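Below are the chains, spelled out letter by letter.
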Amino acid sequence: MKSYLIQPPEMDPLEKKQQDSAIQTLTNSGMIDGVGVFDFKYFVLRIRAQSSTRHDISRQSLLSGNKEVHLTPANTDEMKRHIQVMKAKNQTQLNGTIEFRAPNGNSVWLHCKGSLCFKANQFQGIAYDITDYKRQEQQLQRENEEYRLQAHQDDLTALYNRRGFFVQMDHKLPLGLSRGAGYSLAIIDVDAFKTINDQHGHQKGDHILSTIATTLQSYTRKSDIIGRLAGDEFIVLIDETNFTESLRIADRFRAAIEAQLTTMHAATVSIGISTLKATEVPSESDITSLRDQLIYQADMALYEAKRRGRNQTWHYHQPENGTGTSTLS
Ligand SMILES: Nc1nc2c(ncn2[C@@H]2O[C@H](COP(=O)(O)OP(=O)(O)OP(=O)(O)O)[C@@H](O)[C@H]2O)c(=O)[nH]1
């Protein structure tokens, strides 16, 4: 790790001489790689390499071949605010990581340890270059995010898998309901898919599933959530809808899928829907049971669509005196 001694911009000549000799000793011993001046009135940190032979500083990304560079904080406003807070609290010890911008636009992270002199707008201390470490950390974060996405994604269709869908749904429901939005849930199941697989092979079956996924993507809005629940079952959380609208929207899914699949194997889908009214604002602990209730009701409606002969869209309807379903054909 590289380190730089940061000096005050203006110094007493005698003090400067003493420090120069100390710097030379530190440089020779390999303890520091350069010296700098940090003026936080103008927010510029000037760094000068000292031990170019020992550390081959010319190859270092920070300096990009130069012996001296000017760095500015990546977020000057935030840093100004931070220093103002320190000043108000009369705190002089700075011990933290600051992201700077090199002249070539690259980020340079320096861990600065030392003291601030508010009167002279100066910082004095040591700055450790932790850029490599930060880059590795960011790379690790990116990889973790990728793994997290993969764990929530269906391999075949690239839609959310069951887990990913529920994470998204649980996140969305409370937000929407608290601002008075109603939601509908559609469960879409391929009709007689087992027969299609048996007659045409698994590969054709997979192709049908992929076609359904792309059709759903093009017939939904950005704010809807689409997932593949399992096997031949898809699920869509339709944003901001009521009973009537959701029936119309879901039946459009059914008709569009049928049209897309006609050219393949005349496959069709059945759809069951349930709706959560905007007035049903839940407490946070109610979300899971609301989600289970929506799924249960959509499943019941799907069952009805299958029972009545398939290739239909049914909406769950809770009559005054018990359970039941209402229809659109
Ligand atoms: N090609 C393919 N088939 C799958 C996949 N996952 C599950 N299946 C098959 O999908 C079929 C689902 O059939 P079921 O849901 O039991 O019933 P169905 O034949 O669709 O009949 P209904 O739902 O009553 O209309 C099973 O034969 C599974 O083996 C997959 O990823 N690809």
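Given the structure is predicted, the values throughout are model-derived calculations rather than measurements. (Residues numbered from 1 in each chain as written. Predicted model: local features only at pLDDT ≥ 70, side-chain atom pairs only at ≥ 80, totals over all residues. Heavy atoms only, no water.)

If you tally the helices and strands in the chain, you get 9 helices and 13 strands. Here the chain holds 329 residues, and the buried ones make up 44% of them. Once local pairs closer than 6 in sequence are excluded, the contacts in the chain between residues at least 24 apart make up 62%. Here the chain displays about 18000 Å² of accessible surface, and carbon together with sulfur accounts for 48% of that area. (Helix = DSSP H or I, 4+ residues; strand = E, 2+ residues; numbered from the N terminus. Buried < 20%, exposed > 50% of the residue type's maximum accessible area, 1.4 Å probe, protein only. Contact = heavy atoms within 4.5 Å. Areas by Shrake-Rupley, 256 points an atom, 1.4 Å probe, with all protein chains shown as cover.)

On to unusual backbone geometry. One non-glycine residue, Glu240, lies in positive phi territory at about 45 degrees. Checked against the element boundaries, Glu240 lands in the loop between strand S10 (233–238) and helix H8 (243–262). On the basis of relative accessible area, Glu240 is assigned to the partly exposed category, the value being 42%. Phi is positive for Asn311, close to 50 degrees, though the residue is something other than glycine. Position of Asn311 among the secondary structure elements: in the loop between helix H9 (287–307) and strand S12 (313–317).

The ligand sits among 16 residues. The nearest are Ala192, Lys194, Asp206, Arg228 and Lys306. A distance of 3.2 Å separates an oxygen atom of the ligand from a polar atom in the backbone of Val190. Asn197 is positioned such that a nitrogen or oxygen atom in its side chain is 2.8 Å from a nitrogen atom of the ligand. At the level of secondary structure, the elements contributing two or more residues to the shell around the ligand comprise strand S8 (183–190), helix H6 (193–200) and helix H7 (202–218). (Near = heavy atom within 4 Å. Polar contact = N/O pair within 3.5 Å; in protein donor to acceptor, adjacent residues only side chain to side chain.)

Bringing the packing of aromatic side chains into the picture now. Tallied over the entire structure, the rule returns 3 aromatic pairs. Between Phe165 and Phe166, the ring centres sit 5.8 Å apart and the planes meet at 70 degrees, which makes this aromatic pair edge-to-face. Of the two residues examined, Phe165 and Phe166, each falls in the buried class. Ring pairs connect the aromatic residues Phe38, Phe100 and Phe123, which therefore count as one cluster. (Phe/Tyr/Trp six-rings, centres within 6.5 Å; stacked < 30°, edge-to-face > 60°.)

Right, let's get into the environment of Lys194. Within the secondary structure, Lys194 sits in helix H6. Its relative accessible area of 62% is what places Lys194 among the exposed residues. In the structure, Lys194 is positioned 38 residues away from Asp232 in sequence and 9.2 Å away in space, judged by C-alpha atoms.

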